[in-house]
Amino acid sequence: MEKGAVIKHNIKKAADTGSWRYLKPVIDKDKCAGCGTCVKHCPEGIIKLRDRSKEELKKNGKLSKKVAEIDYSFCKGCGVCAQVCPFKAIKMEKEK
Ligand code: SF4
Ligand code: SF4
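Procedures and definitions
Residues numbered from 1 in each chain as written. Chains lettered and ligands numbered in written order. Predicted model: local features only at pLDDT ≥ 70, side-chain atom pairs only at ≥ 80, totals over all residues. Heavy atoms only, no water. Helix = DSSP H or I, 4+ residues; strand = E, 2+ residues; numbered from the N terminus. Buried < 20%, exposed > 50% of the residue type's maximum accessible area, 1.4 Å probe, protein only. Contact = heavy atoms within 4.5 Å. Areas by Shrake-Rupley, 256 points an atom, 1.4 Å probe, with all protein chains shown as cover. Polar contact = N/O pair within 3.5 Å; in protein donor to acceptor, adjacent residues only side chain to side chain. Salt bridge = Lys/Arg side-chain N within 4 Å of Asp/Glu carboxyl O. Near = heavy atom within 4 Å. Nonpolar A, V, L, I, M, F, W, Y, C, P; charged D, E, K, R; others polar. Core = buried A, V, L, I, M, F, W, Y, C linked by side-chain atoms within 4.5 Å.

Trainee: Whenever I open this one, the overall build of the protein confuses me. Can you help?
Mentor: Regarding its fold elements, the protein presents three helices and four strands. Element order for the protein, N to C, with α for helix and β for strand: β-α-β-α-β-α-β. Over its C-alpha atoms, taken along the principal directions, the protein stretches across nearly 55 × 35 × 25 Å. Relative to its 96 residues, the protein shows a buried fraction of 29%. When contacts within the protein are restricted to residue pairs at least 6 apart in sequence, long-range pairs at least 24 apart make up 69% of them. Per element, the accessible surface of the protein, about 7,500 Å² overall, is 54% carbon and sulfur.

See below:
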């Protein structure tokens, strides 16, 4: 039986998206619960969780401590993140 291989994602070897992307994922930061589901599913591996600033938390104490952020330089607009988000915090919008 053939054995599988796990190829580690390397952002340095990732292809820059350029200007051809048609749809762009936009995160509603007030809805994001920082659960990390989109981080695990993005095929490009370019969504990260960051700590919210003190100012953000001061404005709304109900927000999660973490929030998702997308590196648009590498995002291909596939829409997987929007599909898997359990809080419907990501919407796909047409590029302007
Ligand atoms: S899946 Fe949705 S709620 Fe969870 S971190 Fe991503 S954007 Fe935020
Ligand atoms: S649209 Fe696709 S490539 Fe872009 S952040 Fe979402 S899952 Fe990743």
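Trainee: How should the side chain of Ser-64 be read in this particular structure?
Mentor: For Ser-64, the location among the structural elements is in the loop between α2 (54-59) and β3 (66-70). For Ser-64, a relative accessible area of 17% corresponds to the buried category. Looking at Ser-64, its side chain comes within polar contact range of the main-chain oxygen of Lys-66, at 2.6 Å. Apart from the residues within four sequence positions on either side, Ser-64 is in contact with Cys-32, Ala-33, Gly-34, Arg-52 and Leu-57.

Trainee: What should I look at first to understand the pattern of salt bridges in this one?
Mentor: When charged atoms on two side chains of opposite charge get close, those side chains can pair. Following the criterion strictly, the structure yields six salt bridges and no others. Put simply, Asp-51 and Lys-66 hold a salt bridge, and the shortest N to O gap is 2.8 Å. On the criterion of sequence distance, the pair formed by Asp-51 in strand β2 (residues 47-51) and Lys-66 in strand β3 is long-range, its members being 15 residues apart. For Lys-66, a relative accessible area of 37% translates into the label partly exposed. With its nearest N and O atoms 3.9 Å apart, the salt bridge here joins Glu-56 to Arg-52. Under the relative-accessibility criterion, Arg-52 is labelled buried at 6%. Each of Arg-50, Arg-52, Glu-56 and Glu-69 takes part in one network of salt bridges that share partners.

Trainee: Sorry if this is basic, but what is going on with the site of ligand 1 here?
Mentor: Around ligand 1 sit 13 residues in total, of which Cys-32, Ala-33, Cys-35, Cys-38 and Cys-85 are the nearest. Looking at the shell around ligand 1, its residues break down into ten nonpolar, three polar and no charged.

Trainee: Hey, could you run me through the nonpolar core in this one?
Mentor: Nonpolar side chains in soluble globular proteins tend to end up buried together. With 16 residues, the main nonpolar core has Ile-47 and Ile-90 as its most contacted residues. Here this core gets three residues from one element, more than from any other, and that element is β3.

Remember, this is a structural readout, not a statement about activity or role.
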